[in-house]
Amino acid sequence: MTISTVDRNQELAAFLRTRRERLDPRDFGLPARRRSRRTPGLRREEVAELAGVSVDYVVRLEQARGLRPSADVVEALARALRLAPDERAYLFDLTVRRPRDADRLATAAAQPLARLVADLSPLPAMLLNHHYDILAWNGEMAGLLVDFDTLPRAQRNSMWLCLMHPRVRELYLDRERVVREGIAHLRAAWAAHPDDRALTGLIAQFSAGDEDFARLWAEQDVKVSGRGRKVMRHPEVGVITVQFETLKPLQDPDQLLVIYRAADEESQSALDRLRAR
C-alpha cells in the first residue's frame, strides 16, 4: 500500500463512498433492491435526496473532482450518511471547514505536563503527541508496557510498539481491537494534519511492515476511543485489565494524556505486585 500526504479530494471521495455503501436501505424505509445489483448500501441518488443536493453533486464528490462543499452541505451529508461524531469531525477536517492549529509537532513534554505524568503515580500514565510518540511516562507505565528508556527515540511510539515490539505485540489479548483503535486515532490525526510528511511516512512504514495495519487502515475507520478497557497478559504478574482515559490538555490540545486504572481487584493486585518489583 502506498501512503502519501493527504489528497483531500481523493480521501473525501473514498470516505463518502465507503460510508454510503455501509448503509442499509431498510433503515431508511427504502424499497428492497433487486438481487442483481452489485453495489451495496444506498444509491447516490438516495444520498442526494436525503442531503438535499443534486445527484450530480454527489457524483462529482465521489469522483474527487475538486468540489469544496460549504459547511451546510457537509452537515447535510453527515446527517444523510448517519455519521458518528468522530466520522462527522473527520468529514469536516477533510473539507477544511473546521479551524485547526498549524501542524506543529511537540517533540518534548512541557515541564508542567511532565510533572503531572509523574504526579499521577501510582496510576500508569503517559503523554503522547499527534504522531503518538511517547513524550513522557511514569515508572508504572514503563513497568506495565516496556522500559522506554531502553528504546531509541524513534521507537518510543505507541503504535510502533504495538505493531513491532516483540514483547508489546504479545501483551494485548485483543490485539486487533487495540490496533484498530490506534489506527482510528492515527487516521484522525492524518486528516487534521494533511501536510505532515513525517506522519505520512510513519503510516507508510506501518502499512509496509504489518499486514494487519494495512488491512485495517484500508477500512477507513475513524472512531476515536477516548476511554475504554484493555486486557493484557503481563509476563511477570499475569492478566491485567485496565480502564483507560485519554485527556487533551487545554493549553496543548494536540497532545494526549493517557491514564490507566485497574478495572478490578485482581488487576489492582497485579499492578501493586508489579510496582513493588
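Look a little higher up for the structure.
The notes below deal with the structure included here. Note that the structure is predicted; figures quoted are calculated from it, not measured.

## Some thoughts on the environment of Pro-166
Here is step 1: Counting through the fold element by element, Pro-166 comes out in helix 9 (residues 166-169).
Here is step 2: Spatially, the C-alpha atom of Pro-166 lies 45 Å from that of Ala-71, the residues being 95 residues apart in sequence.

## With respect to unusual backbone geometry
A negative phi angle characterises most non-glycine residues, just as the trans form characterises most peptide bonds.
Here is step 1: The omega torsion of the bond from Ser-121 to Pro-122 falls at 15 degrees, within 30 degrees of zero and hence cis.
Here is step 2: Within the secondary structure layout, Pro-122 lies in the loop between helix 6 (111-119) and strand 1 (125-128).
Here is step 3: Of note in the backbone geometry, Ala-64 takes a positive phi value of approximately 55 degrees without being a glycine.
Here is step 4: Mapped onto the secondary structure, Ala-64 falls in the loop between helix 3 (55-62) and helix 4 (71-80).
Here is step 5: Phi at Gln-220 takes a positive value of approximately 60 degrees, unusual for a residue other than glycine.
Here is step 6: Structurally, the position occupied by Gln-220 is in the loop between helix 12 (211-217) and strand 3 (227-234).
Here is step 7: Exposure remark for Gln-220: the relative accessible area of 9% places this residue in the buried category.

## Describing the nonpolar core
Here is step 1: Residues Leu-91, Leu-145, Phe-148, Tyr-172, Phe-213 and Tyr-260 are the most contacted members of the largest nonpolar core, which totals 73 residues.
Here is step 2: Residue contributions to this core peak at seven residues, all from helix 10 (residues 175-192).
Here is step 3: The contacts of Leu-145, once residues within four sequence positions are left out, are Met-126, Arg-167, Val-168, Leu-171, Tyr-172 and Met-232.
Here is step 4: With ten residues, the next largest nonpolar core counts Ala-109, Val-117, Ala-125 and Leu-135 among its residues.

## Brief notes about helix 1 (residues 8-21)
Here is step 1: For helix 1, which comprises 14 residues, the first-to-last C-alpha distance of 20 Å matches the rise-based estimate of 20 Å (1.5 Å per residue) to within 8%.
Here is step 2: Buried within helix 1 we find Glu-11, Leu-12, Ala-13, Ala-14, Phe-15, Leu-16, Arg-19 and Arg-20.
Here is step 3: Of the surrounding secondary structure, the elements contacted by the buried residues of helix 1 are helix 2 (44-51), helix 3, helix 5 (85-94) and helix 10.
Here is step 4: Sitting at the amino-terminal end of helix 1 is Asp-7, which places a side-chain oxygen 3.1 Å from the backbone nitrogen of Asn-9.

## Some remarks on the packing of helix 2 against helix 4
Here is step 1: Two elements in contact, helix 2 and helix 4, have axes separated by 8 Å at closest approach and are oriented at 120 degrees. By the criterion of interaxial angle, the relationship of helix 2 to helix 4 is oblique. Here helix 2 and helix 4 pass one another in a crossing that is right-handed. The residues of helix 4 that touch helix 2, namely those facing Val-47, Leu-50 and Ala-51, are Ala-76, Leu-77 and Ala-80.
Here is step 2: Taken together, the residues of the contact of helix 2 with helix 4 sort by class into six nonpolar, no polar and no charged.

Rules behind the numbers
Residues numbered from 1 in each chain as written. Predicted model: local features only at pLDDT ≥ 70, side-chain atom pairs only at ≥ 80, totals over all residues. Heavy atoms only, no water. Helix = DSSP H or I, 4+ residues; strand = E, 2+ residues; numbered from the N terminus. Buried < 20%, exposed > 50% of the residue type's maximum accessible area, 1.4 Å probe, protein only. Core = buried A, V, L, I, M, F, W, Y, C linked by side-chain atoms within 4.5 Å. Contact = heavy atoms within 4.5 Å. Expected span 1.5 Å × (residues − 1). Polar contact = N/O pair within 3.5 Å; in protein donor to acceptor, adjacent residues only side chain to side chain. Axes fitted to C-alpha atoms, helices over the stretch in contact; angles between N-to-C directions. Parallel < 35°, antiparallel > 145°, perpendicular 65-115°, else oblique. Left-handed = near helix turned anticlockwise from the far one by under 90°. Nonpolar A, V, L, I, M, F, W, Y, C, P; charged D, E, K, R; others polar.

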